[in-house]
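As a plain string of letters, each chain reads:
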Amino acid sequence: MGAATSSSKDSSSLSSSLLTFPLIEEDNDEQQQQQQHDDATKPTNTKDAPLQITRATKLYAFCAALNSCNLGYDIGVNTGAGILVQNSLGLSDVQLEAFFGSLNLFAMVGALSSHIINDKFGRRWSFRVSAMIFIFGTILQSVANNYIVLMIGRAFVGLGVGFGLAVDPLYIAEISPPQFRGRLVNWSEFAINLGIVFGFLSGLVFAGVDENVAWRWMFSMGAILPCFVIFFATYVMPESPRWLVANGREGEACEVLKKVYPDGYDVDIIVNEIEESIEKERIAEHAVGWGVILFPSPAFKRILLVGIGISIAQQAVGIDAILYFLVFILKQSGIESRITQMWILLGLGLVKLGVILIAGRLLDRTGRRPLVFVSLLGCAVSFFIVAMSFIGALPSEVGAIVGLALYLAFFSIGMGPATWTIASEVFTTSIRAKAMSLATFANRATATIFASSFLSVATAMTWSGFFIMMSIVCLIILAWMYVYLPETKGRPLEDMSQYFAEITGDRSILEAEETLYRRDDPSEFRAPEPVVQPERQQPKRNVAPERPPPEDAHVMGTMA
């Protein structure tokens, strides 16, 4: 086809030269040279052309994902160390719940304030700050002799975790070519679960040590990984090209992109795309105010209901709380040996880790809705099995282990990986940044509430009654998802806007989206009114203009 095009252009040039040869001979030579240059470079940057992921990209993504292991390790190590800390320091159930639940509270503060370092000093400094704060908090927890010092250390650990939650997937998304972005960002999710396994393993390693000393060693081991993160952020990882472009350092961004993309790739085009993306985000930020979020029209209300609703549902099925209190559940089922408990924890962690590997592929093959439905139904059945083990209808130890293993597997197959993918896909461009912030806050707040009340509620209701209640909660969420959750697999964002406009009869969402892409020159853009009234005249176009899929569909990870 390229040869045919070239022959056609040569014939056209020849015909023209018969008339005006003296005038345009030099121009034709220049055009032919330019055409040859374009033909030589075009295939490399064609979206349909195969693009190989570079070793440098994998290395940088690995280094960034390693920071997520800190969060996973904290969850895993506290699962085994929590009961030891309670016995050693004489903590009440309420104090232990506050210790567990406060991590999410402090993490929210860290995530909300991370933009100060992220935007001003860059992603690499964010990694360093996150790791240093985590190390300091870990040391305080390890040497604590009273509850106050323990909670101060917990506060710093939570702040470090919050910084990590904000920067890890963000850096991977910005350093990765779009074709591999989703897969590489999932490395952060995998790293969290790998960290959980490491935390479980630490409990097994120190299972034979006196419990007054064991939990201190277990906490101390958490300072090892952050040291590697600091080293990698200083000597291995480059700065994010997006941050470099945003700060007027395009030359340095090109150097980084040359490592990320294969040899011969025209990275100047990527720099231009980054500049356009940054400008579009600026336009979106000013085009639609918080009024659309706080006082939404019917279509926006339905979108927020789905996106924020599923983020709350992820924690409402109890994942963080269950992980923190696994040892208490095993002990209540009749398993008293510390070594046996740690072996079981390690097995459960490996089950969860293995299912995560499978879930990433199934998500794009089978769709979001089927996996979410299977996940919720499986969680409900799993909770019922655990409840029956406490009632005595099943052998208590075996029933509890089987039920917990099934719960972690079913959660990891759907509700774990699908939540933030769905949220980023249903939120339209005009409200994505603000809506994702609200969804993240709601997710962490729900996790805080559940982890801070799990033990008290289970004791008050009896363990069997508590798990029956959790089974019912999963079924209620399943019914809610069946009614409200759309299938987003393979559906362009403009179709999602059209979908919510049709089911609500509200076309204002299409007008709000169109304002962001109405002009090719963003500098001519003028922000519309924050709130669009439904009774305004219907726009001529019934579908939102085309735009690329979200680059950070997998950016927001889950703590479990």
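Basis of the calculations
Residues numbered from 1 in each chain as written. Predicted model: local features only at pLDDT ≥ 70, side-chain atom pairs only at ≥ 80, totals over all residues. Heavy atoms only, no water. Core = buried A, V, L, I, M, F, W, Y, C linked by side-chain atoms within 4.5 Å. Buried < 20%, exposed > 50% of the residue type's maximum accessible area, 1.4 Å probe, protein only. Domains from an automatic or database assignment. Contact = heavy atoms within 4.5 Å. Axes fitted to C-alpha atoms, helices over the stretch in contact; angles between N-to-C directions. Helix = DSSP H or I, 4+ residues; strand = E, 2+ residues; numbered from the N terminus. Parallel < 35°, antiparallel > 145°, perpendicular 65-115°, else oblique. Left-handed = near helix turned anticlockwise from the far one by under 90°. Salt bridge = Lys/Arg side-chain N within 4 Å of Asp/Glu carboxyl O. Patch = residues over 30% accessible without salt bridge, like charges linked within 9 Å, V, L, I, M, F, W, Y side chains within 5 Å. Areas by Shrake-Rupley, 256 points an atom, 1.4 Å probe, with all protein chains shown as cover. 1 Å grid on protein atoms, 1.4 Å probe; cavity = no way out; pocket = protein on both sides within 12 Å on 5 of 7 lines; lining within 4 Å. Points joined across faces, edges and corners; volume = space filled by probe spheres on them. Nonpolar A, V, L, I, M, F, W, Y, C, P; charged D, E, K, R; others polar. Lys, Arg positive; Asp, Glu negative; His and termini not counted. Charge placed at Lys NZ, Arg CZ, Asp CG, Glu CD.

Asks: Could you give me a rundown of the nonpolar core, with the residues and numbers involved?
Replies: In this structure, Ile322, Val372, Phe427, Ile431, Phe467 and Met481 are the most contacted members of the largest nonpolar core, which totals 106 residues. When residues of this core are assigned to domains, at least three map to each of domain 1 (52-237) and domain 3 (297-518). The residues contacting Val372, other than those within four sequence positions of it, are Met415, Ala418, Ile422, Met481 and Leu485. In this structure, Cys63, Ala64, Val229 and Met237 belong to the second largest nonpolar core, which totals 40 residues.

Asks: Any details on the packing of helix H3 (residues 93-121) against helix H5 (residues 147-175)? Residues and values, ideally.
Replies: Running from N to C, H3 and H5 point in directions that differ by 45°, and their axes come no closer than 6 Å. Taken together, the axes of H3 and H5 lie oblique to each other. Crossing handedness for the pair H3 and H5: right-handed.

Asks: Explain unusual backbone geometry to me, using residue names and the numbers behind them.
Replies: Of note in this structure, Thr462 is not a glycine but carries a positive phi near 75°. Structurally, Thr462 can be placed in the loop between helix H20 (432-461) and helix H21 (463-484).

Asks: Please give an account of the pattern of salt bridges that cites residues and values.
Replies: The tally for this structure, following the rule as stated, stands at seven salt bridges. Between Arg123 and Glu174 there is a salt bridge, and its shortest N-O distance comes to 2.9 Å. Linking Arg123 in helix H4 (residues 123-143) with Glu174 in helix H5, this pair joins segments that are 51 residues apart in sequence. With respect to class, Arg123 is no different from Glu174; both count as buried. One salt bridge in this structure joins Asp320 and Arg444, with 3.4 Å as the shortest N-O distance. Remark: Arg444 occurs in helix H20 and Asp320 occurs in helix H14 (residues 319-324); sequence separation between them is 124 residues. Salt bridges here are not isolated pairs; linked through shared partners, they connect Asp119, Arg123, Glu174 and Arg242.

Asks: Residues and numbers for a nonpolar patch on the surface, please.
Replies: Taken together, Phe136, Ile148, Ile152 and Phe156 make up a surface patch of nonpolar side chains, about 380 Å² in accessible area. A total of three residues in the nonpolar patch trace back to one element, the largest contributor, which is H5. Residue position: Phe136 is located in helix H4. A relative accessible area of 43% places Phe136 in the partly exposed class.

Asks: Any chance you could break down empty space enclosed by the protein for me, citing the residues and the numbers?
Replies: Applying the stated criterion across every chain, the model contains four cavities of 30 Å³ or more. In this model, the second largest cavity occupies a volume close to 100 Å³. In terms of lining, the second largest cavity is formed by 15 residues, of which the most central are Ser68, Leu71, Gly164, Leu165 and Asp168. Of all the secondary-structure elements, those providing two or more residues to the lining of the second largest cavity are helix H2 (55-89), H4, H5 and helix H6 (178-205). When residues of the lining of the second largest cavity are assigned to their parent elements, the largest contribution, six residues, is made by H5. Within the lining of the second largest cavity, the residues separate by chemical class into six nonpolar, eight polar and one charged.

Asks: With reference to specific residues and values, describe the environment of Leu89.
Replies: Its location among the elements puts Leu89 in helix H2. Sequence separation between Leu89 and Asn145 is 56 residues, and the spatial gap between their C-alpha atoms is 7.1 Å. Each residue touching Leu89, except ones within four places of it in the same chain, is listed here: Ala144, Asn145, Asn146, Leu150, Trp215 and Arg216.

Asks: Requested: an account of the packing of H2 against H5, with residues and values cited.
Replies: Put simply, H2 and H5 touch, their axes get as near as 9 Å, and they point 155° apart. Regarding the angle of H2 to H5, the classification is roughly antiparallel. For H2 against H5, the interelement crossing comes out left-handed. Residue-level inspection shows Thr57, Tyr60, Ala61, Ala64, Ala65, Asn67, Ser68, Leu71, Asp74, Asn78, Val85 and Leu89 of H2 in contact with H5, the latter providing Leu150, Arg154, Val157, Val161, Gly164, Leu165, Val167, Asp168, Tyr171, Ile172 and Ile175. Classifying every residue of the contact of H2 with H5 gives 15 nonpolar, five polar and three charged.

Asks: So what about a positive patch on the surface? Which residues, and what values?
Replies: Among the surface-exposed residues, Arg55, Lys58, Arg183, Arg361 and Arg365 lie close enough to one another that they form a single positively charged patch. Counting only elements with at least two residues in the positive patch, the list comes to H2 and helix H16 (338-366). With respect to the helices, strands and loops of the structure, Arg361 is situated in helix H16.

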